[in-house]
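# Notes for the structure review
One letter stands for each residue in the lines below.
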Amino acid sequence: MVEAESAKSYQEQGNEFYKAELWLKAAACYTKGIKEEPEKVALYSNRCAALLKLQKAGKALADAETCIRLKPEWEKGHYRKAMVLETMGELSEALASYEQAAKLQSTAEFKLKIASLKKQIQREKAGGGKVAAEKENRGKPASNFAFTAGRRDTDNTGNNKASSKVLAAPNVGEIRNDADYAEAKKGMASGEPIPLTTQRIKQFGQDIIAAVQQQMTTGVAIQPSVYFLPGKQTSDGQTQMGQVQISTAFESPDLLQNCLSFLRQYATDMGAHAACAVVPKKAIAYPQVWKMKGWPHQISDGIFVQLESPKPLRSCWFIPLDDKQPQETSNDYKILEPIFK
């Protein structure tokens, strides 16, 4: 592809990358265009869309606000802002922005979004504290690596009593220093050893899949994360599952390699028996395995779930957003190299 020489050609090149689902390259092209024409509102609008695909909600919101500042009567700027706010879980603010867009240009799409969002807000109000907690987690930005320390009950075999609770973790904090890391290790790597069995690892994978399906059904945003099955339990049979959020890991090969090194060290230090990555397809700029020959799901959006363990057991599933039925894929389409060696 010929290197662009003007803001217009940068925009066109960005649009091509966007259509090809190369969100990072698209955003880079729009940024080049903005440097040449900083007042061109369409470039900010397009970059906002690309950043949202990359799950960079904060930066996307800034671009949406710039659109509104440059062209306050343009309905698309308010629409972009509404989409970002909805992704962040700020539903009331998103509704206000959708309504503002509709005032400027009434369309069937805006009307449908407004009606749908009003119903969702009503459901959340009726749901009480549980939904409020989910909303808090939806809008929570994640650093490259963050851990979740959530204790869950298990039966005598170490299996979950309720798979729906697997991804529900009450305490989220970034690993900023050695003290944070030690705190995570204290909860997960302490206690009595649990036998390492293939059955327990497989059950862990199925529990994660069930929890992902439940979140997809309820519309809760899924953050790219790796969940770790603990190798120890307390005297009363409880275990603490580890979670590492990897929101930016799939932006480039270098970031992915850095993330993988961290995950391997984390798994070793925590004495984990298995790990399960849960990553939305839209969060992956690299590696785009669905562009490889033979990908069976066409252009469907969905969630990747990859199970890793010290045993010779590695599995990967793709869960399409439309039917939410997990389909196991071949080793060719795994999104992570082995975590356990």
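For the structure, check the block above.
Here is what the cut-offs are and how they apply
- Residues numbered from 1 in each chain as written.
- Predicted model: local features only at pLDDT ≥ 70, side-chain atom pairs only at ≥ 80, totals over all residues.
- Heavy atoms only, no water.
- Salt bridge = Lys/Arg side-chain N within 4 Å of Asp/Glu carboxyl O.
- Helix = DSSP H or I, 4+ residues; strand = E, 2+ residues; numbered from the N terminus.
- Buried < 20%, exposed > 50% of the residue type's maximum accessible area, 1.4 Å probe, protein only.
- Pairing = 2+ DSSP bridges.
- Phe/Tyr/Trp six-rings, centres within 6.5 Å; stacked < 30°, edge-to-face > 60°.
- Disulfide = S-S within 2.5 Å.
- Expected span 1.5 Å × (residues − 1).
- Axes fitted to C-alpha atoms, helices over the stretch in contact; angles between N-to-C directions.
- Parallel < 35°, antiparallel > 145°, perpendicular 65-115°, else oblique.
- Left-handed = near helix turned anticlockwise from the far one by under 90°.
- Contact = heavy atoms within 4.5 Å.
- Core = buried A, V, L, I, M, F, W, Y, C linked by side-chain atoms within 4.5 Å.

### Regarding the pattern of salt bridges
By the definition in use, this model includes 6 salt bridges. With its nearest N and O atoms 2.7 Å apart, the salt bridge here joins R47 to D63. Remark: D63 occurs in helix 4 (residues 57-70) and R47 occurs in helix 3 (residues 41-53); sequence separation between them is 16 residues. Of the two residues, R47 and D63, both sit in the buried class.

### A word on the pairing of strand 9 (residues 315-320)
Across the 6 residues of strand 9, 6 count as buried, placing the element largely inside the fold. What you see with strand 9 is no split at all: S315, W317 and I319 on one side and C316, F318 and P320 on the other are buried throughout. Judged from the 6 bridges that link them, strand 8 (residues 302-308) and strand 9 form a sheet pairing that is antiparallel. Directly across from F304, in strand 9, lies its bridge partner F318. Counting the residues that bridge the hairpin from strand 8 to strand 9 gives 6 residues. Sheet analysis places strand 9 next to strand 10 (residues 327-329), joined by 3 bridges and oriented antiparallel. Among the inter-strand pairings, W317 is bridged to a residue of strand 10, identified as E328. Between strand 9 and strand 10, which pair antiparallel in sequence order, lie 6 residues; one of them, K324, sits at a positive phi of approximately 60°.

### Thoughts on the packing of aromatic side chains
Under the counting rule described, the total for this entry stands at 10 aromatic pairs. Ring centres 5.3 Å apart and planes at 35° place the aromatic pair Y79 and F110 in the tilted group. Taken together, the positions of Y79 in helix 5 (residues 75-87) and F110 in helix 7 (residues 108-127) put the pair 31 residues apart, joining distant regions of the chain. Per residue, the accessibility class of Y79 equals that of F110, and both read buried. Where W295 meets F304, the ring centres are 5.7 Å apart and the plane angle is 35°; that geometry is what we call tilted. In this structure, W295 and F304 share a single accessibility class: buried. Three or more aromatic residues link up through ring pairs in this structure, and these residues are W290, W295, F304, F318 and Y333.

### A look at unusual backbone geometry
Between Y286 and the following residue, P287, the backbone shows a cis peptide bond with an omega angle of -5°. Position of P287 among the secondary structure elements: in the loop between strand 7 (274-280) and strand 8. Look at E21: it is not a glycine, yet its phi comes out positive at around 65°. By secondary structure assignment, the location of E21 is in the loop between helix 1 (7-19) and helix 2 (23-36).

### Some words on the state of the cysteines
All told, the structure shown has 0 disulfides when counted by the stated rule. With no disulfide of its own, C67 has C48 as its nearest cysteine by sulfur position, at a separation of 6.4 Å. Note on C67: relative accessible area 0%, which makes it buried.

### Focus: helix 3
Its 13 residues place the ends of helix 3 19 Å apart at the C-alpha level, agreeing with the 18 Å of an ideal helix rising 1.5 Å per residue. Of all 13 residues making up helix 3, 11 are buried, and the element is well covered by its neighbours. Buried within helix 3 are the following residues: V41, L43, Y44, S45, N46, R47, C48, A49, A50, L51 and L52. Phi turns positive, to about 65°, at Q55, one or two residues after helix 3.

### Re the packing of helix 2 against helix 3
Interhelical geometry of helix 2 versus helix 3 gives an angle of 155° and a closest axis separation of 9 Å. With respect to each other, helix 2 and helix 3 are oriented roughly antiparallel. Crossing of helix 2 against helix 3: the hand is left-handed. On helix 3, the residues touching W23, A26, A27, Y30, T31, G33 and I34 of helix 2 are L43, Y44, N46, R47, A50, L51 and K53.

### Brief notes about helix 4
With 14 residues, helix 4 should reach 20 Å at 1.5 Å per residue; the first-to-last C-alpha distance of 20 Å fits that figure. Along helix 4, the positions that sit buried rather than exposed are A57, A60, L61, D63, A64, T66, C67 and I68. The inward-facing, buried residues of helix 4 abut helix 3 and helix 5.

### So, the nonpolar core
A60, V84, Y98 and L117 are the most contacted members of the largest nonpolar core, which totals 33 residues. Top element by residues in this core is helix 3. It accounts for 7 residues. In this structure Y98 touches Y79, A82, M83, E86, K113, I114 and L117, once residues within four positions along its chain are discounted. One finds V244, Y266, A272 and C316 within the second-largest nonpolar core, a separate group that totals 31 residues.

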